[in-house]
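An overview of the molecular structure
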Amino acid sequence: MATTTTSIGGGGEDRVLATAQQIVKRLNPPKEVREDMLLILSSFDNRLSNITALINGEEARTENRFEVAERVIIRWDSSSEASRNSILWEDSPDDASEYLLAVDEILNLIDGLSIRSGNEFVDRAENAIQLAMSRLEDEFRYILIRNTVPLDAERLYGSIRRVSLSFASNDGEIDDEFESFGEEDRDASSAGRFHERGASLGDDVCVDLIHPDAIVELKEIADRMIRSGYEKECVQVYSSVRRDALDECLVILGVEKLSIEEVQKIEWKSLDEKMKKWIQAVKIGVRVLLTGERRLCDQIFSGSGETKEICFNETAKGCVMQLLNFGEAVAIGKRSPEKLFRILDMYDALADVLPDLEAMVTDEFGVSEAHGVLTALGDAARGTFSEFENAVQGEASRKPMLSGEIHPLARYVMNYMRLLVDYSETLNSLLESGESDLQNKDSGGGNSLELENMSPIARRLLLLITTLESNLDEKSRLYEDSAMRYIFLMNNILYIVQKVKDSELGKLLGDHWVRKRRGQVRQYATSYLRASWSKTLSWLKDEGMGSSSNNASKVALKERFKNFNACFEDIYRIQTAWKVPDSQLREELRISISEKVIPAYRSFMGRFGSQLEGGRHAGKYIKYTPEDLENYLLDLFEGTPCVLHHLRRKST
C-alpha cells in the first residue's frame, strides 16, 4: 500500500485533493454537514486526510478577502456621516478605483462560492452589494449631472443654412383673407418680412452631450450595477438625468411645453416664430441631440444590448413626444393661407429626420406617433392649399384700383405661387392623392390634354392662375371707362407673365403659356387704342369737310380743331393719372398712340391748317403743333395727374 501511495506521487495526490475540494465546494453544505463529509472522504483514502486543512485554509483566505472588500464598501457608505458629502470620482479617484475593485471582489467571491441561502456569507454579501449599489447609484447620478455639456445653440444655429424668400407689405385695398402678403419689392429699403425655407443642418455637426472623460467612469459604474442585478435602478437614474438634460436643450432651442389648446390660441405672428423654432429644433433634436444620446447609450451600456435600447427609448421619449405634440397641434389647427409655407417646412423637416428616428428608436409607439404627425401635417398642407384656391376664387373686393395699377390680389397670389414652386417635390407627392379634385375644376381654356401632361403641382398652379385671371377680369368690369379697363388688364396680365417668366413657374407652365399671355396683352393694347383714341381721331377725318380743302367750311374746321383739342386735353388730364408700372409697356403704348395720332394730326393740319392761320384767333383752334402733342404723350401713364396750360399762339 505504501509503495502504491509513493508511486502515485505528489502530482496524483494533488489531483485527488483538488477533486475532493471541488466536490465539497460545489455541494456547499452547511458547516456541520461539511465536516461529516470530510470525515467520510478521509476514511476512504488516507491521502484525503489533509483536505480539511486545505479547505479550511482557503475559506479563511476567502473570508479575509471578503472582509477587506466589505470594509472598503462600508467606509464609503452613503448614509454614513463621513462620506455623505464626498464624491468618490471627484474627490478621491484612487479611492474610486479601490471601491470598484472591492465590488468586483465581492461579486467574484459570490460567483466562485455560489453562495446560496443558508450560507453564513449570504446576508453579509447581499448587504455589502446593496450598500455598494446605493453608493454607485449616487455617484452615477452625480457624474451624469456634473459632466453634462450645456448646449451651444448659437453654434448649432450657425450650422443651419438658410434660404430666405421675401414678402413685403403692400398698401392696396383687399379682403382680410389676403392682407398678410404682398409684393416682393426689389427695393432694399422697402419694409418686408421674410419667409425662410430650405434650412438644413450640416451632416458633420456633432456635439458632446457628456464630457468624454466621464464616459469611462460611467461605463465602469453601469457595468457593476448591471452585473449586480441593479440594471433597473441604473436605467432609471440615467434616463431621468438625461431626460431633464434634453428638456433643457429644448428650452434653449426655444421649444416650450404647450398643450394643443394653448397652441391653437396663439396669434399668428407669435405662432410663426414658434413654428420656425420647432423646425430648427426637430433637425437639431434628432440629428444632434438624439444621435448623440444614442451614441452615449451605446458607449456606456455597450455590454448589454437590451439595456441600452431600453435606456435610449426611455431617455428620448419625452423629447420626441414634446416635439410631436406641437406638430400635431399645428396640423389640426385653423387653416389660413399664410400658414402653408411653415406647415410645408414642418412636414419637410419631420420627413427628413424620420428615417434617422426610425433607426434609433426601437419603441414602436414613438415611431408610429411620428408617422401619424407627418400624415397630419401633409393633410393640413393639402387642406390649406385648397383653402387658398377657394379664397382666390371667392375674393370679391369691389373697390377698383384708382390708377388702373396691379391689383393686390395679383401681387399676393403670384408671390405666393412663386414660393410654392420651391416646394414642388413635396407638393407633388402630397397632391398626388388629391388629383381627383381636378375633375371638378375648369382649366378655363379646354386644356385637358395640357393638364394631363403636367405634374400635380403644375396642374394646380395653372388652374390657380386661370382662377386669378378670371377674378381680375371680373374686377376690370368695375371700371366705367373701358379704356381704363384695358390698362388694368394689361398691367395685371403682364405682371403675371413676368412673375412666371422670371421664376421656376416658367419651367412648369412652359413657353406656350407665356406666348399666349403676351398675345393677350397685345390684344388689350389694341382694344385700349380703339376705346381711348377713336373719338379723338374721328375729328381729324375728311368726312364733312367738302370735296376740296379750299372749300371747307371754316366754321366746321374750327369745330373740328376745337373738339380734337378738347378730347386730347381730356385724355391727357385723365390718363396722366393712370399708372403703367412696366417701363417697356409704358413706352410701347406711347409709341402706339403716337403712331396713330401724330401722323393723322400732321396730315389734317397740312390739308386744312392754312385756312385758319391767316384768320383772327387762329391760335384758339390750332393750339398744338405735332411736336407739342408728341411731347405731351410722354406724360401719359406716369400716375401723376397733369393739366395742359397752353399759351395761345399769336395771330398773324
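Note that this is a predicted model, so its numbers are computed, not measured.

Each value, and the rule that gives it
- In this numbering scheme, every chain counts its residues from 1 along its sequence in written order.
- Totals for whole chains, interfaces and linings use every residue, but because this is a predicted model, local features are given only for residues with pLDDT of at least 70 and side-chain atom pairs only at 80 or more, for both listing and counting.
- Values shown for side chains rest on all heavy atoms present in the structure; no hydrogens or waters enter the calculation.
- The numbering of helices and of strands both runs from the N terminus, where a helix is a DSSP run of H or I of at least 4 residues and a strand a run of E of at least 2.
- Burial classes follow relative accessibility: with a 1.4 Å probe on protein chains only, a residue under 20% of its type's maximum area counts as buried, one over 50% as exposed, and anything between as partly exposed.
- Residue contacts are defined here by distance: any two heavy atoms, one from each residue, within 4.5 Å place the two residues in contact.
- Throughout, the Shrake-Rupley method with a 1.4 Å probe supplies accessible areas, and for residues the shown protein chains are the sole cover considered.
- In this analysis, rings of Phe, Tyr and Trp, with Trp reduced to its six-membered ring, are considered paired at centre separations within 6.5 Å, and the interplanar angle assigns stacked below 30 degrees, edge-to-face beyond 60, and tilted for intermediate values.
- By definition here, charges over rings are those cases where NZ of Lys or CZ of Arg is within 6 Å of the ring centre and within 35 degrees of the ring normal.
- To estimate the expected span of a helix, subtract one from its residue number and multiply by 1.5 Å.
- Only protein atoms enter the calculation, which uses a 1 Å grid: trapped sets of points that fit a 1.4 Å probe without letting it out are cavities, open sets showing protein on both sides within 12 Å along at least five of seven lines are pockets, and any residue with an atom within 4 Å of a point is a lining residue.
- Grid points are joined across faces, edges and corners, and a volume is the space filled by probe spheres set on the points.
- Three residue categories are used. Nonpolar comprises Ala, Val, Leu, Ile, Met, Phe, Trp, Tyr, Cys and Pro, charged comprises Asp, Glu, Lys and Arg, and polar comprises the others, including Gly.
- Each axis is a line fitted through C-alpha atoms, and for a helix only the stretch in contact is used; angles between axes span 0 to 180 degrees, taken between their N-to-C directions.
- An angle counts as roughly parallel when it lies under 35 degrees, as roughly antiparallel when it exceeds 145, as roughly perpendicular when it falls between 65 and 115, and as oblique in every other case.
- Throughout this description, the term salt bridge denotes a Lys or Arg side-chain nitrogen within 4 Å of a carboxyl oxygen of Asp or Glu.
- Identification of polar contacts relies on pairs of N or O atoms within 3.5 Å, with a donor-acceptor requirement for protein atoms, meaning one able to donate a hydrogen and the other able to accept it, and with residues adjacent in sequence counted only if both atoms are side-chain atoms.
- The term nonpolar core refers to a set of buried residues drawn from Ala, Val, Leu, Ile, Met, Phe, Trp, Tyr and Cys, joined through side-chain atoms within 4.5 Å.

Moving on, we come to the overall build of the protein chain. Helix and strand counts for the protein chain come out as 23 helices and two strands. A total of 652 residues make up the protein chain; the buried ones form 48% of that total. Across the protein chain, every contact between residues at least 6 apart in sequence was considered, and the portion connecting residues at least 24 apart equals 81%. Total accessible area on the protein chain stands at roughly 32,500 Å², and carbon and sulfur atoms take up 48% of it.

This brings us to the packing of aromatic side chains. Per the counting criterion, the structure on display carries 20 aromatic pairs. When the ring of Trp533 is compared with that of Phe568, the centres are 6.0 Å apart and the planes differ by 55°; the resulting orientation is tilted. In this pair, Trp533 is assigned in helix α20 (residues 505-538) and Phe568 in helix α21 (residues 554-575), connecting sequence segments 35 residues apart. The exposure class of Trp533 is buried, given its relative accessible area of 1%. The class for Phe568 is buried, based on a relative accessible area of 2%. Following the ring pairs from residue to residue traces out a cluster consisting of Trp533, Phe561, Phe564, Phe568, Tyr572, Tyr601, Phe604, Phe608, Tyr624 and Tyr632. For Arg294, the ring lying beneath its charged end belongs to Phe312, and the centroid distance is 4.8 Å. Sitting over the face of the ring of Tyr495, Arg411 holds its NZ or CZ atom 5.7 Å from the ring centroid.

Taking 1.5 Å as the rise per residue, α21 with 22 residues should run 32 Å; its terminal C-alpha atoms sit 31 Å apart, in good agreement. Turning to α21, its buried residues are Leu557, Arg560, Phe561, Asn563, Phe564, Asn565, Cys567, Phe568, Ile571, Tyr572 and Gln575.

With that out of the way, let us pick up empty space enclosed by the protein. Counted according to the given criterion, the structure contains four cavities of 30 Å³ or more. Estimates place the volume of the largest cavity at around 80 Å³. Trp278, Val282, Gly285, Val286, Leu290, Cys319, Val320, Leu323, Leu324, Leu350, Val353 and Leu357 together form the lining of the largest cavity. Elements with a minimum of two residues in the lining of the largest cavity: α11 (268-300), α12 (305-331) and α13 (340-360). When grouped by side-chain class, the residues that make up the lining of the largest cavity number 11 nonpolar, one polar and no charged. Of the volumes computed, that of the second largest cavity is approximately 60 Å³. What lines the second largest cavity is simply Gly254, Val255, Glu256, Leu258, Lys274, Lys277, Trp278 and Phe326. When grouped by side-chain class, the residues that make up the lining of the second largest cavity number four nonpolar, one polar and three charged.

Another point: the packing of helix α14 (residues 364-394) against helix α18 (residues 456-476). Two elements in contact, α14 and α18, have axes whose closest approach is 9 Å; the angle formed by their N-to-C orientations is 20°. Looking at the two axes, α14 sits roughly parallel to α18. Where α14 abuts α18, its residues Phe385, Ser386, Phe388, Glu389, Val392 and Gln393 lie against Ile457, Arg460, Leu461, Leu464, Thr467, Leu468 and Asn471. Residue composition of the contact of α14 with α18, by class: seven nonpolar, four polar and two charged.

Here we come to the pattern of salt bridges. Pairing between side chains becomes possible if they bear opposite charge and their charged atoms approach one another. Overall, the coordinates contain 33 salt bridges when judged by the stated rule. The salt bridge partner of Arg141 is Glu137, with a shortest N-O separation of 3.6 Å. Pair noted here: Arg141 and Glu137 are both in helix α6 (residues 122-146), with a separation of four residues, about one helical turn. The partly exposed category is assigned to Glu137, whose relative accessible area is 21%. The closest approach of N and O atoms between Asp379 and Arg382, which form a salt bridge, is 2.3 Å. Of the two residues, Asp379 and Arg382 both sit in helix α14, three residues apart, roughly one turn of that helix.

Turning our eyes to something else, we now look at unusual backbone geometry. In this model, Phe637 sits at a positive phi of 70°, which is unusual for a non-glycine residue. Position of Phe637 relative to the elements: it lies in the segment after α23 (626-633). Among the residues examined, Phe637 registers a relative accessible area of 0% and is labelled buried.

Looking now at the environment of Gly229. Residue position: Gly229 is located in the loop between α8 (212-227) and α9 (231-252). As for Gly229 and Met133, which are separated by 96 residues in sequence, their C-alpha atoms are 9.6 Å apart.

We now examine the environment of Arg382. With a relative accessible area of 23%, Arg382 lands in the partly exposed category. For the pair formed by Arg382 and Leu430, sequence separation is 48 residues and the distance between their alpha carbons is 6.7 Å.

Within the secondary structure, Arg75 sits in helix α3 (residues 51-75). A distance of 3.1 Å separates the side chain of Arg75 from the side chain of Glu98, its partner in a polar contact.

Turning our attention to the nonpolar core. In this structure, Phe140, Tyr528 and Trp533 are the most contacted members of the largest nonpolar core, which totals 177 residues. Of all the elements, α11 adds the most residues to this core, at 15 residues. Discounting residues that sit within four places of it in the chain, Tyr528 has contacts with Ala483, Tyr486, Ile487, Met490, Trp533, Gln575, Trp578, Leu589, Ile593 and Phe637.

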